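Topology and contacts: notes
Each chain, letter by letter, is given below.
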Amino acid sequence: MLLASLLGLTFDYLMMSIAPYVWYLFVGRIIAGIAGAAVATATAYMADITPPHKRTHRFGLIGAAFGLGFIIGPVIGGELGSIGPRVPFYAAAALAFTNFIFGLLVLPESLPRHSRRKFDIRRANPFGALVSLRQYPVVLWLLAILFMFSLAAQSLPSVFSYFTVEVFYFTSSQIGRSLGAFGIGFAICQGFLVGPFVKRLGETPVVIIGLLAAITAFAGVAFTSDVYYLYLYIMVGAISGLAAPAINGVLSRQVPDNAQGELQGAVNAANSLATIIGPLAATQIFSYFTHDRQAMDYFPGAPFLAASIAVALALVVFIIAAFRFGLTRRPSVADKPKVPEMAPPGQILVPREEDEDSNADPTGY
């Protein structure tokens, strides 16, 4: 699945690099969308090889990797774009194909044959996955929470540039620096803080901390008119990076090991749905409340206030689910991970590193 996704991405960037007509771009994007299982599969792979109580930290590393990519990628793309408008796409295609070769030659299979399930076309779609996961009611609650959080998060890339130009008269350089500051803080939280926080506090409190940070940041940005407070709330918003890996960590413990891929497919479907709805909603709200500076309802921060309300609703639902299903004391459904026994070429297979605390409760609590 990973290799097929990377080949699809390679084909997409090649189509964009050679496109003589605009419909080439649409074909490439459609192929990339069909093959867009890399994130879900990578997360499921991580779940396969990681003990349940360490998964939140590992999911955070995946999030941090993507966060750093969103910071570094535009910089590299901008520099290559100065050489020629097609050069960034050639480079992206080469990078995707290099990743494919690395996966083909180095990355071993994570799921043993005896742990795999027979393919069922009825479950090979987002709705089929949700129906299949109905036997784990807490999963549906957590997916709803993740959807609301992701929906709110779409307001940042969708309208932040318009908002800062409207309110602070930012230049493109200032917009880039402010988003870069957020990306760095977000990556630090997901890559370095989520693991220690979960180890000390547990996943449920970390989810609550992340959601509270998002509520504060979105509401603060909505009402601020001071650029220094804007940067303060951006840094507070970076703490919200704790929420998604912790939610994913809780989710991964609610289903057996051989259902991790199906679960991550449902997670990816929820995020994709939020990616479709979120930008449309945020831009339309912004347009409605900024059509006339003299109007009584002029309020450029309206999309961020709406995002804050959505996250607040997600927090309420999470607290209800935590009490209803006893998330702080709920044992893990997943078994111990099946670590691949095949050493990558050129490397020596070593025993899996034991847990830091051999006396720790295997559920992490």
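For every chain, the first residue of the written sequence is number 1, and numbering continues from 1 onward in sequence order. It should be noted that, the model being predicted, local features are given only for residues of pLDDT at least 70 and side-chain atom pairs only at 80 or more, the latter also being counted only at that level, while totals for whole chains, interfaces and linings use all residues. Hydrogens and water are ignored here; the side-chain numbers use all heavy atoms of the structure.

1. Comments concerning the overall build of the protein chain
To qualify as a helix, a DSSP run of H or I must reach at least 4 residues; to qualify as a strand, a run of E must reach at least 2; elements of each kind are numbered from the N terminus. For the protein chain, the count of helices and strands is 14 helices and 0 strands. Per-residue accessibility, obtained with a 1.4 Å probe over protein chains only, is compared with the maximum for each type, and a residue is labelled buried under 20%, exposed over 50%, and partly exposed between these values. Looking at the protein chain as a whole, 42% of its 365 residues qualify as buried. Of the contacts formed within the protein chain by residues at least 6 apart in sequence, a portion of 80% connects residues at least 24 apart. Residue burial considers only the protein chains on display, and all accessible areas are found by Shrake-Rupley using a 1.4 Å probe. Surface accessibility of the protein chain: about 19,400 Å² in total, with carbon and sulfur atoms responsible for 69%. Any two residues whose heavy atoms approach within 4.5 Å at even a single point are treated as in contact.

2. Let's talk about the packing of aromatic side chains
Where two aromatic rings form a pair, the distance of their centres and the angle of their planes describe that pair. Ring pairs shown here join Phe, Tyr and Trp side chains whose ring centres sit within 6.5 Å, with only the six-membered ring taken for Trp; geometry is labelled stacked below 30 degrees between planes, edge-to-face above 60, and tilted in between. Counted according to the given criterion, the structure contains 12 aromatic pairs. Between Trp141 and Phe325, the ring centres sit 5.9 Å apart and the planes meet at 75°, which makes this aromatic pair edge-to-face. Linking Trp141 in helix 7 (residues 137-153) with Phe325 in helix 14 (residues 302-325), this pair joins segments that are 184 residues apart in sequence. A residue is classified by how much of its surface remains accessible, and Phe325, at 16% relative accessible area, is buried. Pairing Phe163 with Phe304 gives two aromatic rings, centres 5.1 Å apart and planes at 75°, and the pair type is edge-to-face. In this pair, Phe163 sits in helix 8 (residues 155-168) while Phe304 sits in helix 14, placing the two residues 141 residues apart along the sequence. By way of ring pairs, the aromatic residues Phe163, Phe168, Phe170, Phe218 and Phe304 are connected into one cluster.

3. Focus on the environment of Gln135
With respect to the secondary-structure elements, Gln135 resides in the loop between helix 6 (126-132) and helix 7. Look at Gln135 and you get exposed, because its relative accessible area is 56%. Gln135 sits 120 residues away from Val255 along the chain, and the two C-alpha atoms are 9.4 Å apart.

4. Examining the side chain of Thr164
Structurally, Thr164 is set in helix 8. Judged by its relative accessible area of 0%, Thr164 is buried. Whenever a nitrogen or oxygen atom comes within 3.5 Å of another N or O atom, the pair is scored as a polar contact, on the condition that within protein one atom can donate a hydrogen and the other can accept it, and that pairs from neighbouring residues in sequence are kept only if both atoms are in side chains. A distance of 3.0 Å separates a polar atom in the side chain of Thr164 from the backbone oxygen of Ser161. Each residue touching Thr164, except ones within four places of it in the same chain, is listed here: Tyr169, Phe170, Ile175 and Leu230.

5. Quick notes on the pattern of salt bridges
Here a salt bridge means any side-chain nitrogen of Lys or Arg lying within 4 Å of a carboxyl oxygen belonging to Asp or Glu. Going through the model one piece at a time under the given rule, you end up with 3 salt bridges. Of the charged contacts, one joins Asp12 and Arg29 as a salt bridge, the two residues approaching to 2.2 Å between their closest N and O atoms. Residue Asp12 is found in helix 1 (residues 2-18), and its partner Arg29 is found in helix 2 (residues 22-34); the two are separated by 17 residues along the sequence. The exposure class assigned to Arg29 is partly exposed, which follows from its relative accessible area of 45%. The partner of Glu166 in a salt bridge is Arg293, and the shortest N-O contact between them spans 3.3 Å. Of this pair, Glu166 sits in helix 8 while Arg293 is found in the loop between helix 13 (260-289) and helix 14, placing the two residues 127 residues apart along the sequence.

6. A look at the nonpolar core
If you look at the biggest cluster of nonpolar residues, it comprises 57 residues, and the most contacted ones within it are Val139 and Leu251. For this core, the element with the highest residue contribution is helix 14, accounting for 11 residues. Definition of nonpolar core: a set of buried residues of the types Ala, Val, Leu, Ile, Met, Phe, Trp, Tyr and Cys, connected through side-chain atoms within 4.5 Å.

7. Some thoughts on the packing of helix 1 against helix 2
To get an axis, a line is fitted to the C-alpha atoms, and for a helix only the part in contact is used. The angle between two axes follows their N-to-C directions and goes from 0 to 180 degrees. Taken N-terminus to C-terminus, the directions of helix 1 and helix 2 make an angle of 170°; their axes are 8 Å apart at the nearest point. Taken together, helix 1 and helix 2 sit at an angle that is classed as roughly antiparallel. Between helix 1, through Gly8, Phe11, Asp12, Met15 and Met16, and helix 2, the contact on the second element is made entirely by Tyr24, Leu25, Val27, Gly28, Arg29, Ile31 and Ala32. Only Asp, Glu, Lys and Arg are considered charged in this grouping, and only Ala, Val, Leu, Ile, Met, Phe, Trp, Tyr, Cys and Pro are considered nonpolar; every other residue, Gly among them, is considered polar. Looking at the contact of helix 1 with helix 2 residue by residue, the classes come out as 8 nonpolar, 2 polar and 2 charged. When describing relative orientation, an angle under 35 degrees is termed roughly parallel and one over 145 degrees roughly antiparallel, while 65 to 115 degrees is termed roughly perpendicular and anything else oblique.

8. Things to note about unusual backbone geometry
Within the chain, Tyr169 stands out as a residue other than glycine whose phi angle is a positive 55°. Within the secondary structure layout, Tyr169 lies in the loop between helix 8 and helix 9 (172-201).

9. Some remarks on a nonpolar patch on the surface
Residues with no salt bridge and a relative accessible area higher than 30% make up the patches, which join like charges within 9 Å and nonpolar side chains (Val, Leu, Ile, Met, Phe, Trp, Tyr) within 5 Å. Taken together, the side chains of Phe11, Tyr21, Val22, Trp23, Leu25, Phe26, Ile30, Ile31 and Ile34 present a nonpolar region at the surface, about 950 Å² in accessible area. Among the elements that line the nonpolar patch, the one with the most residues is helix 2, at 7 residues. Inspection of the secondary structure assignment puts Phe26 in helix 2.

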